[in-house]
Amino acid sequence: MTSSLERPSARYRRAMDAVLGLGLFGCAVLGASLNIPGADQPREQWPAELLAAISCLAVLKGRNRPRTAVVVATVCTVITASLGYLLTPLLLAPLMLALFWLASGTDVRTTRVYGAVSMALVVSTGVLNNHSTSMVLLRTVGPILWLMLPLVGGGRARLRQAYLESVHARAAHAERTREEEARLRVAEERMRIARELHDVVAHHMAVANAQAGTAAHLASTHPEQSQKILAELAATTSSALLELRATVGVLRQAGDPDTDSLEPAPGLDRLPDLIAACESAGLDVTVSTEGEPRLLSPGVDLTAFRIIQEALTNATKHAGDRAAHVRLAYSGSRLLITVTNEGTDTAPAVLGGGFGLMGMRERAHSVGGDLRAGPRPEGGFEVATALPLHSQAPEEHEATP
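Every value quoted in this text rests on a predicted model; they were computed, and no experiment measured them. (Residues numbered from 1 in each chain as written. Predicted model: local features only at pLDDT ≥ 70, side-chain atom pairs only at ≥ 80, totals over all residues. Heavy atoms only, no water.)

So, the overall build of the protein chain
On a plain count of helices and strands, the protein chain comes out with twelve helices and five strands. Pairs at least 24 apart in sequence give 73% of the contacts found in the protein chain among residues at least 6 apart. For the protein chain, the computed accessible surface area is about 22900 Å², with 61% contributed by carbon and sulfur atoms. (Helix = DSSP H or I, 4+ residues; strand = E, 2+ residues; numbered from the N terminus. Contact = heavy atoms within 4.5 Å. Areas by Shrake-Rupley, 256 points an atom, 1.4 Å probe, with all protein chains shown as cover.)

Right under this line is the structure:
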């Protein structure tokens, strides 16, 4: 059922087609009445007018059935030419419009076949029914030129319509692509923020929880040591608040997201502070470095720090012997990091696929590195990662032998 907005458009098209049909019929009637000195034409005009009326009625349906309109208009024009009427542009007007609809609404092969057959029939009929050699040029070259005009114009209209459709299709595709890219960027940014907040909160809260438990345990027997741990607990919570403030400050920036944040991103230069915080929570941490330390890109430096931070956080919560070892090995263009503990526990929270293990893997892959984590055969747990000195795409990393 057509809507109220579609009815006026349909009525307008029908009215325009009726006016067009009347205009074509008037042109054909005027063309049938034209006479050139020396040309032998019929005295009666009604046969040409009748044939023109049939052609105009067929052309009115030419938008939807261009092949039928061309066939009917060609037959009527051939009969008109066989009766001796001079094929002027006015008399050819219905056939010309039918050929235009055909060229603009069908493919090139159909246009060429129907156009060639129509011109051949019309021209050959005009030549065969004319015995005057002086009129041969007028009855051949003229119809060919006039019938070629709508074919060329219709072809250009078809190409223009195809071009506009391709432009609209590209615009729609670009719009969909922009929306999908925006959603992807939002999802990636949410994952990055969630990973950053998890690393900050999980580490500091785990250390603070361990410090509070140790202070409570030593409060009655070693009050001086308990007071020292409580002071370190305050420093731990203060550090957590500062990192949370820096992270939230980045989220609240209204300008360019690539601008520098209020606080430098942490890196391996803050490893001593991290170890001191873990030791205050009761975890004995040793660090060994192999090879000459190299300068890391900011992204790799942050990734290395966060992976060590998360691994030590898990050791603080789950290591049975309350000891961990961090090994940094600079080898060629790679930084190899290994965090191990030799306790008897297997870190069930990590093995269960928590967000910490997932975040470490995502961080390593984001800079073109790799990470594995799991229980050691001799006992305890190990986190090992290989990071490039400078960040690169994961695809480039996988392609590197």
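Some details on helix α4 (residues 93-105)
With 13 residues, α4 ought to run about 18 Å at 1.5 Å a step, and its terminal C-alpha atoms sit 18 Å apart, in line with that. With ten of its 13 residues buried, α4 lies for the most part within the structure. (Expected span 1.5 Å × (residues − 1). Buried < 20%, exposed > 50% of the residue type's maximum accessible area, 1.4 Å probe, protein only.)

Focus on a nonpolar patch on the surface
On the surface, Val71, Val75, Ile79 and Leu83 cluster together into a nonpolar patch covering about 300 Å² of accessible area. If you trace the backbone, Ile79 turns up in helix α3 (residues 66-82). Among the residues examined, Ile79 registers a relative accessible area of 36% and is labelled partly exposed. (Patch = residues over 30% accessible without salt bridge, like charges linked within 9 Å, V, L, I, M, F, W, Y side chains within 5 Å. Salt bridge = Lys/Arg side-chain N within 4 Å of Asp/Glu carboxyl O.)

Examining the pattern of salt bridges
Tallying each qualifying case throughout the model produces three salt bridges. Across the pair Glu175 and Arg178 runs a salt bridge whose closest N-O atoms are separated by 2.4 Å. In this pair, Glu175 and Arg178 are both assigned in helix α6 (residues 136-218), three residues apart and thus about one turn of the helix distant. Close ionic contact of Glu290 with Arg327 constitutes a salt bridge, the shortest N to O distance being 3.0 Å. Of the two residues, Glu290 is situated in strand β1 (residues 284-290) and Arg327 in strand β2 (residues 323-331); the sequence distance between them amounts to 37 residues. Using a relative accessible area of 37% as the deciding quantity, one classes Glu290 as partly exposed. Here Arg327 falls in the partly exposed class, since its relative accessible area comes to 28%.

Structural notes on the pairing of β2
Successive residues of a regular strand alternate their side chains across the two faces of the sheet. In terms of strand pairing, β1 meets β2 through seven bridges, oriented parallel. Each bridged residue has a counterpart across the sheet, and for Val287 the counterpart in β2 is Val326. Two elements, β2 and strand β3 (residues 334-341), share seven bridges in a ladder whose sense is antiparallel. Considered in β3, the bridge of Arg327 is made with Thr338. (Pairing = 2+ DSSP bridges.)

Remarks on the packing of helix α2 (residues 46-60) against α4
Running from amino to carboxyl end, α2 crosses α4 at an angle of 20°, the nearest separation of the two axes being 9 Å. Relative to α4, α2 is oriented roughly parallel. For the pair α2 and α4, the sense of crossing is left-handed. Seen from α2, the contacting residues are Ser55, Cys56 and Val59; seen from α4, they are Pro94, Leu97, Ala98 and Trp101. In the contact of α2 with α4, the residues fall into six nonpolar, one polar and no charged. (Axes fitted to C-alpha atoms, helices over the stretch in contact; angles between N-to-C directions. Parallel < 35°, antiparallel > 145°, perpendicular 65-115°, else oblique. Left-handed = near helix turned anticlockwise from the far one by under 90°. Nonpolar A, V, L, I, M, F, W, Y, C, P; charged D, E, K, R; others polar.)

Describing the side chain of Thr77
When you line up the elements, Thr77 lands in helix α3. Contact partners of Thr77, with chain neighbours within four places excluded, come to Leu87, Leu92, Leu95 and Val122.

Comments concerning the sheet that holds strand β5 (residues 381-388)
Taken in spatial order, the five strands make up an open sheet running β1-β2-β3-β5-β4, and their pairing is mixed. Taken across any chain shown, the strands that pair with only one partner, and hence form the sheet edges, are β1 and β4 (370-375). Strand-to-strand twist of the sheet, defined as the mean angle between neighbouring strand axes without regard to direction, takes the value 10°. Contacting β1 and β2, helix α8 (residues 271-280) crosses the sheet at an angle of about 155° to β1.

Let's talk about the environment of Leu60
Position of Leu60 among the secondary structure elements: in helix α2. What makes Leu60 partly exposed here is its relative accessible area of 29%. Taking C-alpha positions, Leu60 is 6.2 Å from Asp17, a pair spaced 43 residues apart along the chain. In contact with Leu60, not counting residues within four places along its chain, are Asp17 and Gly21.

Re the packing of α3 against helix α5 (residues 108-128)
Look at α3 against α5: their axes get within 8 Å of each other, and the N-to-C directions meet at 10°. If you check the angle between α3 and α5, you find them roughly parallel. On the side of α3, the interface is formed by Arg67, Val70, Val71, Thr74, Thr77, Val78, Ala81 and Ser82, while α5 contributes Thr110, Tyr114, Ser118, Leu121, Val122, Thr125 and Gly126. Here the residues of the contact of α3 with α5 are counted per class, giving seven nonpolar, seven polar and one charged.

Some words on the nonpolar core
The biggest cluster of nonpolar side chains holds 32 residues, and the ones touching the most others in it are Ile308, Leu312, Leu335 and Ile337. Counting only elements with at least two residues in this core, the list comes to α8, α9 (298-318), β2, β3, α11 (355-366) and β5. The dominant element in this core, judged by the number of residues it contributes, is α9, at eight residues. Residues contacting Leu335, with those up to four places away along its chain left out, are Leu268, Leu296, Ala304, Leu328, Ala329, Tyr330, Thr385, Ala386, Leu387 and Leu389. Counting residues in hydrophobic clusters, the runner-up holds 29 residues, among them Leu24, Ala52, Val70 and Ala103. (Core = buried A, V, L, I, M, F, W, Y, C linked by side-chain atoms within 4.5 Å.)

Notes on the packing of aromatic side chains
For the structure on display, the rule yields one aromatic pair. Relative to Trp101, the ring of Phe100 lies with its centre 5.6 Å away and its plane at 65°, an arrangement referred to as edge-to-face. Using a relative accessible area of 27% as the deciding quantity, one classes Phe100 as partly exposed. (Phe/Tyr/Trp six-rings, centres within 6.5 Å; stacked < 30°, edge-to-face > 60°.)

Re the confidence of the model for the protein chain
The share of residues in the protein chain with pLDDT of 70 or more is 79%, and the mean pLDDT across the chain is 76. Looking at the elements of the protein chain, mean pLDDT is at its lowest for helix α12 (residues 394-399), recorded as 41, and at its highest for β5, recorded as 90. Scored below 50 in pLDDT, residues 254-262 makes four contacts in the model with residues more than four places away or belonging to other chains. Predicted confidence for residues 393-401 stays below pLDDT 50, and this span has nine contacts to residues more than four positions away or in other chains. (pLDDT = per-residue confidence, 0-100.)

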